[in-house]
Amino acid sequence: MKFILQLLLTAVLVVFLSYLLPGVSTDGFLTAILVAIALSFLNFIVKPILVLLTLPVTILTLGIFLLFINAFIIMMADWLVDGFQVENIWYALLFALLLAIGRSILFSTTERDN
């Protein structure tokens, strides 16, 4: 149930950011849900491999390079999902940064103390 809620919140953020950023567009909420699913799949499968392969650069840049890995994941989601377009890597970088901030805010407010 928590995973579905996180997917829906991510989809809402994708739609919001597509209205906010001129270089990012999505066809609708169903496309945003597909983008959220693609992002979760890519973050689960591809991101750990990329982080491992780029570990020296990530350490050298004190973790800043992880933003570029996230932007690359966004560009891969653009390639995978029809109806979701990102103009260039700079919009992907800004989208990834704002998505990470938004997700951390939304997910921290939906967590319950057990």
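Preceding this section is the structure that the text describes.
Residues numbered from 1 in each chain as written. Predicted model: local features only at pLDDT ≥ 70, side-chain atom pairs only at ≥ 80, totals over all residues. Heavy atoms only, no water.

Here we take up the environment of Q6. Inspection of the secondary structure puts Q6 in helix α1 (residues 2-20). Counting along the chain gives 101 residues from Q6 to F107, while the straight-line C-alpha distance between them is 7.3 Å. (Helix = DSSP H or I, 4+ residues; strand = E, 2+ residues; numbered from the N terminus.)

Okay, the packing of aromatic side chains next. The final tally for this structure, using the stated rule, is 3 aromatic pairs. Pairing F68 with W90 gives two aromatic rings, centres 6.4 Å apart and planes at 80 degrees, and the pair type is edge-to-face. In this pair, F68 is assigned in helix α4 (residues 65-80) and W90 in helix α5 (residues 89-110), connecting sequence segments 22 residues apart. Here the aromatic rings of F84 and F95 are separated by 5.8 Å at their centres, their planes lie at 55 degrees, and the arrangement is tilted. Placement of F84 in strand β2 (residues 84-86) and of F95 in helix α5 is noted, with a sequence separation of 11 residues between them. A residue is classified by how much of its surface remains accessible, and F84, at 1% relative accessible area, is buried. Judged by relative accessible area, F95 falls into the buried class, the value being 0%. (Phe/Tyr/Trp six-rings, centres within 6.5 Å; stacked < 30°, edge-to-face > 60°. Buried < 20%, exposed > 50% of the residue type's maximum accessible area, 1.4 Å probe, protein only.)

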